[in-house]
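Chains, contacts and geometry: an overview
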Amino acid sequence: MIEIHDLTKTYGRGADAVTVLDRVDFTVSAGEIFAVVGPSGAGKSTLAQCINLLERPTSGEVVVNGERLTDLDAKSLRVARRRIGTVFQSANLLSRRTAAQNVALPLEYLGVTTAQTKARVAELLDRVGLSPHADKYPHQLSGGQRQRVGIARALALRPSVLLSDEATSGLDPAATESFLDLLREVRDDLDLAVVFITHEMDTIVKIADRVGRLDHGRIAEQGAVVDLLLDP
Ligand code: ADP
Ligand code: ADP
C-alpha cells in the first residue's frame, strides 16, 4: 500500500513562493485503483513526481508498505524507488532501443545478469501481450503497444505500487480500453496499489475504485467514483 501524508510542494521563497501541492493526503491499498483527477495546472504532474520521488516534497511523507521514503538518503532512495513503478505519458521509451531493450533497462541499471534479464523481459513482454513485437522499435509500435511496453518496464523490478501519470492521454478510445483492461489485470495478478493520475473524467469512471479531485494543489474531495463524479 501507499500512503501520502500532508504532501506539500512549494517552489521559490518569500514573496515569490508558489504552493503547488497543499497538504495532499490519501492512502491506496494493495489491489486498489485510486485516481487523482484535476484540470491543467491543478498540480498533477508535480504530485506524480513527488510520489515517484523524482522531486522532493517541501514537507509531508510518502510511505510504501510502512516504509517512509521521503527522508531516505540518496543511496537508500535508489533502492526504495524500486517499490514504485511509473507508466508515463506517451510511454517515454528510448527510441533507439527495441521493446525488449526498453523493458530491460531497469534490470540493467540494477546489474542483473544477462541471462536473468532475458528471461525476465520475456516474461514481462508475455504478460503485456507483446512477445511477437519484442524486437520492434518504438516507432514501429502503435501508441497502445508503446504504453504496454511502458507497463512492462514499470513492472520490471516487481514494484508494489504502480503510478500511471497521464498514461492514457493521447491514446484513442480502443487503445485506452485495452490499456485499462491490462492495468486491471496486473493489479489483480500482482496485488498492486495503483495511483492513476489523469485529467480525463471519462477514464476515471471506467477504472477507479476511489477518486480524489485535485484542485489548486489540494484534494478538494475524495471518495467512491459514483459519489464524486456522478453527483448532479
Ligand atoms: P529554490 O528551491 O532554490 O528556490 P525552486 O524550487 O524555486 O528553487 O526552483 C526549482 C526549479 O524549478 C528551478 O530549476 C527553477 O528554474 C524551476 N522553476 C522555478 N519557477 C518555475 C515556474 N514557474 N515554472 C517552471 N519551473 C520553474
Ligand atoms: P498539472 O500537471 O495538473 O497541469 P503541474 O503540477 O504541472 O499541474 O503544475 C501545477 C502548478 O505548479 C502550475 O501553476 C505550474 O505553473 C506550477 N509549477 C510547476 N512546476 C513549477 C516549478 N518548478 N516552479 C514553480 N511553479 C511550478
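Residues numbered from 1 in each chain as written. Chains lettered and ligands numbered in written order. Predicted model: local features only at pLDDT ≥ 70, side-chain atom pairs only at ≥ 80, totals over all residues. Heavy atoms only, no water.

Labelled according to an unreviewed UniProt entry, the chain appears under the name ATP-binding cassette domain-containing protein, originating from Williamsia herbipolensis.

1. Quick notes on helix H5 (residues 143–155)
Between its first and last C-alpha atoms H5 spans 19 Å; for 13 residues at 1.5 Å apiece the expected length is 18 Å, and the two agree. In terms of burial, H5 is a largely internal element, 10 of the 13 residues being buried. (Helix = DSSP H or I, 4+ residues; strand = E, 2+ residues; numbered from the N terminus. Expected span 1.5 Å × (residues − 1). Buried < 20%, exposed > 50% of the residue type's maximum accessible area, 1.4 Å probe, protein only.)

2. Describing the nonpolar core
Counting residues in hydrophobic clusters, the biggest one holds 42 residues, and the most contacted among them are Leu162, Phe179 and Phe196. Mapped onto this core, the elements with two or more residues apiece are strand E3 (33–37), helix H3 (99–110), helix H4 (114–127), H5, helix H6 (173–190), strand E8 (193–198), helix H7 (201–207) and helix H8 (225–229). The contact partners of phenylalanine 196, leaving out residues within four places of it in the chain, are Ile33, Phe34, Ala35, Val36, Ser164, Thr168, Phe179, Leu180, Leu183, Thr203 and Ile207. (Core = buried A, V, L, I, M, F, W, Y, C linked by side-chain atoms within 4.5 Å. Contact = heavy atoms within 4.5 Å.)

3. Digging into unusual backbone geometry
One non-glycine residue, asparagine 92, lies in positive phi territory at about 60 degrees. Note that asparagine 92 resides in the loop between strand E6 (84–87) and H3. A positive phi angle, close to 50 degrees, is found at arginine 158, a residue other than glycine. Locating arginine 158 in the fold gives a position in the loop between H5 and strand E7 (161–165).

4. Brief notes about the pattern of salt bridges
The full count for this structure, using the stated rule, is 15 salt bridges. Between arginine 97 and glutamate 108 there is a salt bridge whose closest N-O contact spans 3.0 Å. Highlighted residues: arginine 97 in the loop between E6 and H3 and glutamate 108 in helix H3, separated in sequence by 11 residues. Look at arginine 97 and you get partly exposed, because its relative accessible area is 23%. For the salt bridge of arginine 187 with aspartate 188, the shortest nitrogen-to-oxygen distance reads 2.7 Å. Given a relative accessible area of 11%, arginine 187 falls into the buried group. Put simply, Asp22, Arg23 and Arg218 are held in one network by salt bridges that share partners. (Salt bridge = Lys/Arg side-chain N within 4 Å of Asp/Glu carboxyl O.)

5. Here's the deal with the site of ligand 1
Near ligand 1 the following residues occur: Tyr11, Gly12 and Arg13. For ligand 1, an oxygen atom lies 2.9 Å from a polar atom in the backbone of glycine 12. The contact in question runs from an oxygen atom of ligand 1 to an N or O atom on the side chain of arginine 13, over 2.8 Å. In isolation ligand 1 exposes 550 Å². Once the protein is present, 23% of that is buried. (Near = heavy atom within 4 Å. Polar contact = N/O pair within 3.5 Å; in protein donor to acceptor, adjacent residues only side chain to side chain. Areas by Shrake-Rupley, 256 points an atom, 1.4 Å probe, with all protein chains shown as cover.)

6. Quick word on the pairing of E6
The alternating pattern of E6 places Ile84 and Thr86 and Gly85 and Val87 on opposite faces, both of which are buried. Strand direction decides the pairing type here: E6 and E7, joined by 4 bridges, are parallel. In the strand pairing of E7, glycine 85 is matched with leucine 162. (Pairing = 2+ DSSP bridges.)

7. A few points about the sheet that holds E3
Pairing within the open sheet is mixed, and its 6 strands lie in the order E6-E7-E8-E3-E9-E10. Sheet topology places E6 and strand E10 (218–224) at the edges, where each strand pairs with a single neighbour. Taken over all neighbouring pairs, the strand axes of this sheet differ in orientation by 20 degrees on average, direction set aside. Two strands pair when backbone bridges link them, and E7 and E8 are joined in this way by 5 bridges, in the parallel orientation. The residue bridging serine 164 from the neighbouring strand is phenylalanine 196, located in E8. The strands touched by helix H1 (residues 44–51) within the sheet are E3, E6, E7, E8 and strand E9 (210–215), with E8 carrying the most contacts at an inclination of about 155 degrees. Most of the contacts of H6 go to E8, to which it runs at about 155 degrees, and overall it touches E3, E6, E7 and E8. (Axes fitted to C-alpha atoms, helices over the stretch in contact; angles between N-to-C directions.)

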